[in-house]
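Structural overview for review
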Amino acid sequence: QYNTCQTINMRSKTALQGQGNGTVIKKTANCGNDVISSTSSTTAQTFFVHIENLRIDGNKANVPASAGHCINMEKAHTWWIEKIHCVDSSDQGIRINGADGNLALNNYVLNSRIESPNSIGINVSGYAPNNHLRGNIVGGTTVNYGIELSNDETIVIGNHVHGTQSDGIRVATGGDNNLIQ
């Protein structure tokens, strides 16, 4: 288990690969950061990132509410997230967001499990077209929405959403041309 209070900032053309659910990155108590984030939260887009085969524990019982996401893909371009088990995020599980005139484009979240975040399991928002959510399991009693789309052109196929407080899959105002199967 790797305990951290520092955000792991992914740079362009990098990979973070674990050995499965036994590879754990856990946020330590009283931390207010994302566990993993793009460096583009302060700069331009971050391209070609691959994260797979690990567990991220947001430790929400011991951190302030809304104090960071498991994975924050701010202005991310062509990220591949696969076989991630995100548990107990104090905010959103996985967030894909285009902002400040930069796209969050062509990202994939595949075969992952997002369990009991404080707000939304997977959120795609801002200027974020052509993102793909496939084969994910999202839920838990603290989840407002399993998946929320407030963007255009996201493909959502074969996801299982359960036990949410509100909508399983929510398409918010401004969420146009999305495909949900």
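In what follows, the accompanying structure is described. (Residues numbered from 1 in each chain as written. Predicted model: local features only at pLDDT ≥ 70, side-chain atom pairs only at ≥ 80, totals over all residues. Heavy atoms only, no water.)

Further remarks concern the state of the cysteines. Per the counting criterion, the structure on display carries two disulfides. For C5, the disulfide goes to C31, at an S-S distance of 1.9 Å. Between C5 and C31, the S-S torsion sits near -135°, and that sign places the bridge as left-handed. Here the residue C5 occupies a position in the loop between β1 (2-4) and β2 (8-10), and C31 occupies one in the loop between β4 (24-27) and β5 (36-38), the gap between them amounting to 26 residues. Given a relative accessible area of 35%, C5 falls into the partly exposed group. For C31, a relative accessible area of 1% gives the class buried. (Disulfide = S-S within 2.5 Å. Helix = DSSP H or I, 4+ residues; strand = E, 2+ residues; numbered from the N terminus. Buried < 20%, exposed > 50% of the residue type's maximum accessible area, 1.4 Å probe, protein only.)

So, about the packing of aromatic side chains. This model, assessed by the stated rule, comprises two aromatic pairs. Relative to F48, the ring of F47 lies with its centre 6.0 Å away and its plane at 35°, an arrangement referred to as tilted. Ring centres 4.9 Å apart and planes at 35° place the aromatic pair W80 and Y108 in the tilted group. Note that W80 is positioned in strand β8 (residues 76-87) and Y108 in strand β10 (residues 108-110), a separation of 28 residues in sequence. (Phe/Tyr/Trp six-rings, centres within 6.5 Å; stacked < 30°, edge-to-face > 60°.)

In this section: the nonpolar core. Ranked by size, the top nonpolar core spans 30 residues in total, and within it I36, I51, I71, W79, I81, I122 and L133 carry the most contacts. Elements with a contribution of two residues or more to this core: β2, β6 (46-57), β7 (71-74), β8, β9 (94-98), β12 (120-126) and β15 (145-150). If one sorts the elements of this core by residue count, β8 sits on top with five residues. Apart from the residues within four sequence positions on either side, I81 is in contact with I51, I71, M73, I94, Y108, V109, L110 and S112. (Core = buried A, V, L, I, M, F, W, Y, C linked by side-chain atoms within 4.5 Å. Contact = heavy atoms within 4.5 Å.)

Glancing now at the pattern of salt bridges. Counted under the stated rule, the structure contains three salt bridges. The residue E74 makes a salt bridge to R95 at a minimum N-O spacing of 2.7 Å. One end of the pair, E74, is in strand β7; the other, R95, is in strand β9, with 21 residues separating them in the sequence. Residue classification places E74 among the buried residues on the basis of a relative accessible area of 10%. One salt bridge connects R113 with E115, and the closest N-O pair in it is separated by 3.5 Å. Take R113: its relative accessible area is 39%, and that puts it in the partly exposed class. E115 sits in the partly exposed class, given a relative accessible area of 25%. (Salt bridge = Lys/Arg side-chain N within 4 Å of Asp/Glu carboxyl O.)

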